[in-house]
Protein chains: 2
Amino acid sequence: MTQRKILDESLTLFANHGYENTTLANIAEAVGIKKPSLYNHFKSKDAIFLHVLEDVAKREMDYLSSQADLSADHTIYERLHHIYRSYLSHMADSTEGMFFKRVTFFPPEEFSEQIKEVFLMVENNMTDIIRPVIEKGIEEKVLRPLSTDTLTSAFYTLIDGLFLEENFYDKAVFEQRQQASWEIFWLGIKEPELEE
Amino acid sequence: MTQRKILDESLTLFANHGYENTTLANIAEAVGIKKPSLYNHFKSKDAIFLHVLEDVAKREMDYLSSQADLSADHTIYERLHHIYRSYLSHMADSTEGMFFKRVTFFPPEEFSEQIKEVFLMVENNMTDIIRPVIEKGIEEKVLRPLSTDTLTSAFYTLIDGLFLEENFYDKAVFEQRQQASWEIFWLGIKEPELEE
DNA sequence: CCTACCGATCGGTAGG
DNA sequence: CCTACCGATCGGTAGG
């Protein structure tokens, strides 16, 4: 179906070059049709973007949820670490992740409201996943008795920092930075008397 | 001097709207001249951008250095915290900070090399500032005996995370997140036996 | 799904 | 520093 292909190719182009640097001619060429034919499927460039955005939001949340379920019967450390790792590798390697990073960090101005909404939706989805893990960790005295808000906030800052850094460093440096950051984070949240 | 005004107005426009969304007509209007008159001062739009980039790099590094000197006779905690706070408030409030964030995160493709260079230069500058503080902290047994690389990496991830988040949250939420992240970071790096 | 075309706007130039 | 203008390209439309 051509409509599907338009959305897929647009996602790739928006992810790699941004909305403003992607022209309808670029999209048409990637799809293998002429520019005016795009208007048989979408009424404007804006409409294509908003469809892509909606698709990505849905897929991001499905992905996060599926990853959370995977580690349900492991230790607190393993569960948090798994969420952390899978989120990062997703953001680093997938086209959806690149698109999401690009539009959330510096959104095309005309869409900034919708994009903010999507960002907060994905974040709430993430909170629903990690909050029970953190609460269980405090209850079992694996984590320090800090407020859940403090712990989730610090977790977000951790992944947001790496989410950004993934753009600047080669794989080796990024991997090193990612391990170091996790190590300090874990030392900061775990109950200090705890043996590992 | 008109040249100075062109650079200042361009910085503001690039910071707020990005390179691709700023036209020479926008710049000329902000300066109060007509578009072709810009060519008496710069030979192209690219040249204006590169001059702005160079200016910002210089000012960023001067700013960081001046902040580091300020807290030389304080405790390790105070020194690290001061660097952390002043860097963040600078990034959040200044036009230079916004420009720096925009171009480093998703650089205009034709300048990605020069921008990466500038980013790494500023980062090296930051490393020169925090490394001696961290080394002294380990030596004095205020910080855990981890490798300096691990500690600086985690510090960067912390500030990069907040650097990104500053875009999404209102002042109050950001302030809360920033305090929570610092708290966990400090718990992660400080020598656990230490009384505060 | 195409060819042909639109008005607007882009960075940049000629010439004074 | 300006007016007048350039070729190229943008998103989008007419008409089949």
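What you see is a predicted model; the values in this text were computed from it and never measured.

(A) Inspection of the relation of the copies chain A and chain B at higher detail. The transformation that overlays chain A on chain B combines an axial shift of 0.0 Å with a rotation of 180 degrees, and the residual RMSD is 0.0 Å. Such values leave the two copies arranged in the relation of a two-fold axis. Of the residues that chain A buries at the interface, 100% are likewise interface residues in chain B, meaning the two copies contact each other through the same surface.

(B) Representation of the packing of helix α4 (residues 76–93) of chain A against helix α6 (residues 112–139) of chain A. All names here are of chain A. Closest axis-to-axis distance for the α4/α6 pair is 9 Å, and the angle between their directions is 160 degrees. What the angle tells us is that α4 and α6 run roughly antiparallel. Crossing handedness for the pair α4 and α6: left-handed. Taken together, the residues of α6 that come into contact with α4 (itself represented by I76, R79, L80, I83 and Y87) are M126, I129, I130, V133, K136 and G137.

(C) The arrangement of the protein's contact with DNA strand C in detail. DNA strand C sits among 14 residues. The nearest are K34(A), S37(A), N40(A), K35(B) and K45(B). Considering the 4 Å shell around the protein, atoms of DNA strand C inside it are sugar or phosphate in 51% of instances. With respect to DNA strand C, the backbone of L24(B) contributes an N or O atom lying 3.0 Å from a phosphate oxygen. A distance of 2.8 Å is found between a phosphate oxygen of DNA strand C and a backbone nitrogen or oxygen belonging to K45(B). Looking at the surface near DNA strand C residue by residue, the classes come out as five nonpolar, six polar and three charged.

About the criteria used
- Residues numbered from 1 in each chain as written.
- Chains lettered and ligands numbered in written order.
- Predicted model: local features only at pLDDT ≥ 70, side-chain atom pairs only at ≥ 80, totals over all residues.
- Heavy atoms only, no water.
- Least-squares fit on C-alpha atoms with pLDDT ≥ 70 in both.
- Contact = heavy atoms within 4.5 Å.
- Axes fitted to C-alpha atoms, helices over the stretch in contact; angles between N-to-C directions.
- Helix = DSSP H or I, 4+ residues; strand = E, 2+ residues; numbered from the N terminus.
- Parallel < 35°, antiparallel > 145°, perpendicular 65-115°, else oblique.
- Left-handed = near helix turned anticlockwise from the far one by under 90°.
- Near = heavy atom within 4 Å.
- Polar contact = N/O pair within 3.5 Å; in protein donor to acceptor, adjacent residues only side chain to side chain.
- Nonpolar A, V, L, I, M, F, W, Y, C, P; charged D, E, K, R; others polar.

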